[in-house]
Amino acid sequence: MSDRPVRVYPEHYTPSDLDFDLDMRFEARSGVVHNPPDMQLTSGACGTWVLRIENRACDLKPGGVIALVRFNYQIAFNLQTDSPRRRDYCTVETNSSASLKLVTWRDSVNLLNLVVESGVFKKGETCTVRIGDRRQGSVGSEVFWSTTDAEFLLAADVDGTGAFHGVRNNPYRFSVIARPEPDLLRLLGPTVARIGEPFALHLGVFDQNRNLVERYQSRVRFEIPQGVEGLPPSYRFSPKDRGLKIFENIRIHRPGVYRIGLSGGGVEGRFLSNPAVVSEQPESRVYWGDVHAHGWGDSTMHLMYLRTRKLDPLSRHQQGRRIGRFDFACPASMSMHPNRREEVFGAYRKACEQMDEPGRYVPFLAYEAHPRAGDRQVIFKNYKNEPIPPPSRGSMNELVATYGDRDDVFLQVHIGGQPPKWQLYRPVRERFLEVCSGFGCAEWLLQKALNLGYRPGVCAASDLHLGLMGGPRAVEPFRGRFSQKYPMRHRDSAYGTGPVTAVVAAGLNREALWSAMEGRQTYATSGARIYLRVTCNGIPSGAEVDLTDELQVAIVCHACAPLDRIDLIVGDYCLKSWHPEGMDFAQDITFSAADLPGDWVYVRVHQTDNEYAWSSPVYLERQGPFSPPGDLPRWNEQEEIDLDAIGENDASPYLSDLQHYLNLEEDPERFQKLSPIGVVEQFVGRCALFYCYWGEEKLRMSIRWFFEFEIPRIRYDFGWRDFGAFDENDLGAELRDTYGT
């Protein structure tokens, strides 16, 4: 990777009318060539960007630079010019006698620079840059995974002073649209309902990147259990539906747990709605929402820089309400520009006012803060009179002084760009903690908080960037933790959209939801709308329980797919595990106080499709020290697996592809005893699962190779299971010290 020249945007860019022109096209591997105007690329497509730049302005002497900047789009994690066989290989050709150096680097905004090293790039001459040049063996580049309206800016520093001026035809616009092939049918209804009350079912059709297939036209058939009324036996989508249909006035007239099947419409497989638990008079309801998601307002990554129809604050709430069937949500700016805080925050405040409808949908105002001691999502109970917040990149002292003592504000601990660095700053209280996000699972963060003496309620959130608010969990390239928090050359995939928070409350209004969150009456899932109820001595999870002689634990779980495992965690240890059959589980079990090696209790649920759920902890008030654990496994203990004993299986044919990738993109010597385990059907898609031992430390690692994408996507996790078993702030720092970036 070449040395980075002066940064172009936003520090050194001035709009202007320099007479340079950009002729861009995308040559898909399929043979289709996309050109402006109305340039529409298919999400996830593999191909090559061909960017022809014509100099109509003036001669560029040595030191002159032409630069390309992007908004609301990401081409790659690392554009590179060093290896013709690796992905995202970039080249430059010119009809000029000047020597042009193509400079690329890891930058989310400033894509590349063309530097005149010698000679003169004369007026009338051209050069052509290829991104993802496939002519020498590279797989090419991948179109961004999520639908978006994007822009390129072309700029030039004509005299080498570091001041860049835009060209007269800026911006160069293009769009990314959904793949036409449907991959997932998702039917969402209430998790808890009363007999005979009307409710809505939301049916969405999604591609493999979890974009709505807006051009979908086909018939979907339902398997309707007895007792369900108001739903037709089938439905044919028309263009006006744009991939989403809401069925109103559905009723269930008998008590029980209901799941509605659906199939057809050119989508392989059979799908089930989330379970609906129906009774005569429910004690409480389960309400779903995303407490950490973003829309317009991004002055760092510039992925949400343009206020497009999709990213507008009002649109974000509408997406969550319609596509995600959310009951509440907190979409917010990720990084407000210091000089535009009033404009951006005001837009989100106005959107809350427009969407506030108690009984149907409750919007919350929020924003993300980025102090050096770790990011926090700031969530406000009320929106009408909330003042403009301090700068996003202020200090933790300022953030805590402004909001830390307010009971109508949550400072949510999350696992996005910067998890909390409690060694730098320890707030007095941390009340809301993200145990799963679009980046992946992070149970380690919950355990760390508990061991520091915090007593948070749990949440999960998408940390959404350009995906759909309320969209299903997706395989999102370039957003995993490897190469960001753990040493690796190329950043792996994360899970984009999906993770959600369940709030168990008496009603769908602001007071009831806030009171439930204050009382830690929440649980978190990686995306599945699982019903989970955990009580200790009859008191629900999140509460404090006086422990005297014994603890009676009751667990009820109604899942969205067959259950693989349910773990009861007490303190730092796994006290009990079950491997249920089917999708429904109920267990009452009693422990003596002497059997409990800790003062918190929570439940972890794992489905066979690799979706997770976590209950908020029950906090035990007890006298004296707790009991020694004996031979109990720790909460994150990994199973013993003899990799040498694993034979051929359905993942074996993908081993050579994975090895080829690791040979090109990583240091293959770090992946020891790489062993195929099997092809697994995850909610996000089918993948080949591999285990290995990583590095000199021989750390257990699981690798998921999502082979069905045009360019396969890869996901690493330390451990055989991926619930977030290792402290990335500690382990990641240690490994980066050993191996570098």
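Going by the structure above, here's the rest.
This one's a predicted model, so the numbers in the text were calculated from it and none came from an experiment.

A. How the structure looks around the environment of Gly471. By the element assignment, Gly471 lies in the loop between strand S34 (457-460) and strand S35 (500-505). Judged by relative accessible area, which is 4%, Gly471 ranks as buried. Sequence separation between Gly471 and Gln672 is 201 residues, and the spatial gap between their C-alpha atoms is 36 Å. Once residues within four sequence positions are removed from consideration, Gly471 is found in contact with Arg186, Ile323, Thr497 and Gly498.

B. Structural detail: the side chain of Arg186. Residue position: Arg186 is located in strand S15 (residues 184-188). Glu611 is the oppositely charged side chain nearest to the buried, salt-bridge-free Arg186, at an N-O distance of 8.9 Å. Among the polar contacts made by the side chain of Arg186, one reaches the main-chain carbonyl oxygen of Ile323 at a distance of 2.9 Å. Those residues within four positions of Arg186 in sequence are excluded, and the remaining contacts are His202, Leu203, Gly204, Phe206, Ile323, Gly324, Gly470, Gly471, Pro472 and Arg529.

C. Here's a closer look at helix H1 (residues 313-322). Most of H1 is tucked away: 7 of the 10 residues are buried. Of the residues making up H1, those classed as buried are Pro313, Ser315, Arg316, His317, Gln319, Gly320 and Arg321. Of the residues flanking the start of H1, the one acting as N-cap is Asp312, its side-chain oxygen 3.0 Å from the backbone nitrogen of Leu314.

D. Local environment of the packing of aromatic side chains. Evaluated as defined, the whole model comprises 41 aromatic pairs. Between the aromatic rings of Tyr235 and Phe247, the centroid separation amounts to 5.5 Å while the plane-to-plane angle is 90 degrees, which identifies the pairing as edge-to-face. Remark: Phe247 occurs in strand S21 (residues 244-252) and Tyr235 occurs in strand S20 (residues 234-236); sequence separation between them is 12 residues. Comparing Tyr235 with Phe247 shows no difference in burial state: the two are buried. In this structure an aromatic cluster arises from ring pairing among Phe26, Trp49, Tyr73, Phe144, Trp145, Phe152 and Phe174. It is Arg473 that lies over the ring of Tyr495; its NZ or CZ is 4.2 Å from the centre. Just above the ring of Phe364 sits the side chain of Arg510; from NZ or CZ to the centre is 5.0 Å.

E. A look at unusual backbone geometry. Note that the residue after Tyr9, namely Pro10, is joined by a cis bond; omega there is 5 degrees. Its location among the elements puts Pro10 in the segment before strand S1 (13-18). Note that the residue after Pro36, namely Pro37, is joined by a cis bond; omega there is -10 degrees. Within the element layout of this structure, Pro37 appears in the loop between strand S3 (33-34) and strand S4 (40-42). A positive phi angle, near 70 degrees, is found at Asn610, a position not held by glycine. Relative to the assigned elements, Asn610 resides in the loop between strand S44 (600-607) and strand S45 (612-615). With relative accessibility at 6%, the residue Asn610 sits in the buried group.

F. The arrangement of the environment of Ala366 in detail. Topologically, Ala366 is positioned in strand S29 (residues 365-369). Spatially, the C-alpha atom of Ala366 lies 5.9 Å from that of Cys330, the residues being 36 residues apart in sequence. Those residues in contact with Ala366 that sit more than four places away from it in its chain are Cys330, Ala332, Phe345, Gln377, Val378, Ile379 and Phe380.

Conventions we followed
- All residue numbers refer to position in the chain's written sequence, counted from 1.
- This being a predicted model, a pLDDT of at least 70 is required before a residue's local features are given, and a value of 80 or more before pairs of side-chain atoms are given or counted; all residues contribute to the totals for chains, interfaces and linings.
- Excluded from the side-chain calculations are hydrogens and water; all other atoms, namely the structure's heavy atoms, are used.
- Going along the chain from the N terminus, every DSSP run of H or I of four or more residues is numbered as a helix, and every run of E of two or more is numbered as a strand.
- The buried label applies to any residue whose accessible area, calculated with a 1.4 Å probe on protein chains only, is under 20% of its type's maximum; exposed applies above 50%, and partly exposed to all values in between.
- Residue contacts are defined here by distance: any two heavy atoms, one from each residue, within 4.5 Å place the two residues in contact.
- In this tally Asp and Glu are treated as negative and Lys and Arg as positive; neither His nor the chain ends contributes.
- Salt-bridge detection follows one rule: a side-chain nitrogen of Lys or Arg within 4 Å of a carboxyl oxygen of Asp or Glu.
- By the criterion applied in these results, polar contacts are pairs of N or O atoms within 3.5 Å in which, for protein atoms, one can donate a hydrogen and the other can accept it, and in which residues neighboring in sequence qualify only through two side-chain atoms.
- Pairing of aromatic side chains requires ring centres within 6.5 Å, counting the rings of Phe and Tyr and the six-membered ring of Trp. Pairs whose planes differ by under 30 degrees are stacked, by over 60 edge-to-face, and all others tilted.
- Counted as over-ring charges are cases with an Arg CZ or a Lys NZ within 6 Å of the ring centre that also lie within 35 degrees of the ring normal.

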